[in-house]
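Architecture at a glance
One letter stands for each residue in the lines below.
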Amino acid sequence: MEYLLMIYAEEGGWAKMSKTEQEQGMAAYTAYTEALKKADVWKGSNRLQPIATATTVRNGANGKPQVLDGPFADTKEQLGGYYLIDVTDLDAALSWASRCPAVGHGTVEVRPIWSIARSAAS
Amino acid sequence: MADNENVELARSAAESAARRSYGKLVAFLAARTRDVAAAEDALSEAFASALTDWPVNGCPANPEGWLLTVARRKLIDAMRGRHRHEVAAEELRVMAEGSEMAETDRRLPDQRLGLMFACAHPAIEAGIRSPLILQVVLGLDAKAIASAFLTSPAAMGKRLVRAKEKIKQAGIPFAIPERAELPARLDAVLEAIYAAFAEGWSDPAATDISRRDLTEETLFLARLATELLPNEAEALGLLALMLHAEARRFSRRTCAGEYVPLSKQDMRLWDAEMIHEAEELLLRASELGVVGRFQLEGALQSAHVHRRRTGAGNWREVVQLYDALLAVSGSPVVGINRALAVAELDGAEAGLRELDDLAKDTRLGEYQPYWAARAELLARAGNSRDARYSFELAIGLERDEAVRKFLLQRMSELPN
């Protein structure tokens, strides 16, 4: 099954880190990505630009799409990146999530991907 | 006449197969697709078929195998009906694989423990784990479970459906966790079994039939856990604890339904066989060299039984066991029982001081055993005025009529 590991963390934390700490942080993520690839479970991953760059589109007045400056929700921790992995079950996904460097400075939400095969079965 | 007999025979054969095999069949049918609800539907149709087929054609030699074959056919039919999509082929392949497995190995592999681990998975809301196990492993219906857990059948039904959906959609495996994860995950399973047992136990007079069944059923589950994990000390400890509690069931009430505290119980009413089995289990557990909550609680029960049987005061040992239990559980409830043991050892005032320390935990304000313990110790210390206040709170918070009467009696005995 495919799972999306969504990384939520306080964006401000990164800027407060020293250059060495930032380098170590990057290295941890690089190593984690490599480990996922070696285990042949990695399907994709990306880091996102800060929420200051976010723009939101939603249904506005008169049913016309409305474009808004800023993120969908103002939260203490923001979605900062994700990993898409393909593993046998939730336990395997949780085991990978627990190794993600994000657990040290934020939260990882694990969500199964809505696959066509499974939705057809339900 | 003969027909009626056949129907009766078939019904009782089906019922006994249901009791013995329900969880095994659900676990097997749902292991690959993780679709517990579909497996249960197919199985209940298979039981219905058995009730019409068996009286006519006689009970099959292998009822479990018969039920599995029919249930699998129903499951495949249901899948075919539901989607024309090509992915159906994949699921059918999985099903066929399962059928080969069952036929080569005539004995059905027992995946009930895996199913219990799925039900008590950390991804499943803690409050529904216990009801979920009762339903999918034992086949209890939502109505019986709801009555035991004092909620409405509709609400319980909805929560059970949601939990099963989560198992399927989130891909929760039916598996025994890896060594590193096992202790914590097993705790959750044992916790869920114990919660169901405690619900049954809270009605020792067994006036409520659905609750009485629950005690038997949960003993079955605890036994199953020890059979499937014979070297897990906590599983042994839980079964020992439950057997000790169950062994004294009939001594906890008089014929008139009055509550009898442990110190006044008639030991002739205790089930010696259950106590013996519990003691053996505790011995086995202690040889495994791991100490945990259930083992300690079992040991405490054992100490109480030993004291009553020999008349020798062992309160120091009891306090030590509570100390150890407090260290692993940190529960204020344990602290209350510990305070009562301290009172036996060093007097009521010493026990009251322990209770005062606990009172910092605001959760205890509405906790009945806290007020009952406090009332008892204040009465013993001769402080009738404060004892009366505590008795009133304890009585007001109690939901068991027999205990309420017992406390009212104790309160009326207070000197003015």
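Residues numbered from 1 in each chain as written. Chains lettered and ligands numbered in written order. Predicted model: local features only at pLDDT ≥ 70, side-chain atom pairs only at ≥ 80, totals over all residues.

**Considerations on the overall build of chain A**
To be explicit about the condition: Numbered from the N terminus, helices here are DSSP runs of H or I no shorter than four residues, and strands are runs of E no shorter than two. We call a residue exposed when 12 or fewer other C-beta atoms sit within 10 Å of its C-beta, buried when the count reaches 20 or more, and partly exposed for counts in between; the C-beta positions come from the backbone. Residue pairs are scored as contacts if the distance between their C-beta atoms, which are placed from the backbone, is within 7 Å.
When helices and strands are tallied, chain A shows four helices and six strands. Helices (α) and strands (β) of chain A occur, in sequence order from the N terminus, as β-α-α-β-β-β-β-α-β-α. Counting only C-alpha atoms and orienting by the principal axes, one finds that chain A spans roughly 50 × 50 × 20 Å. The buried share of chain A, taken over its 122 residues, is 17%. Put simply, of all contacts in chain A between residues at least 6 apart along the chain, 74% involve residues at least 24 apart.

**Regarding the domain arrangement of chain B**
Residues and elements named next belong to chain B. Basically, it comes down to this: All domain edges in this entry derive from an automatic or database-based domain assignment. Amino acid classes used here: Ala, Val, Leu, Ile, Met, Phe, Trp, Tyr, Cys and Pro are nonpolar; Asp, Glu, Lys and Arg are charged; the rest, including Gly, are polar.
Examined at the domain level, chain B breaks down into domain 1 (1–110), domain 2 (111–203 + 219–228) and domain 3 (230–304). Counting residues at the interface gives 15 residues for domain 1, matched by 16 residues for domain 2. Those elements that provide at least two residues to the side of domain 1 that touches domain 2 are α1 (2–30) and α2 (36–57). A total of seven residues in the side of domain 1 that touches domain 2 trace back to one element, the largest contributor, which is α1. A class-by-class count of the residues in the side of domain 1 that touches domain 2 yields nine nonpolar, one polar and five charged.

**Quick look at the environment of Val 70 of chain B**
All names here are of chain B. Relative to the helices and strands, Val 70 is located in helix α3 (residues 63–82). Here Val 70 falls in the partly exposed class, since 19 other C-beta atoms lie within 10 Å of it. Put simply, Val 70 and Ser 49 are 21 residues apart on the chain and 8.2 Å apart in space, counted from C-alpha to C-alpha. Ignoring sequence-local partners within four residues, the contact set of Val 70 consists of Ala 46 and Ser 49.

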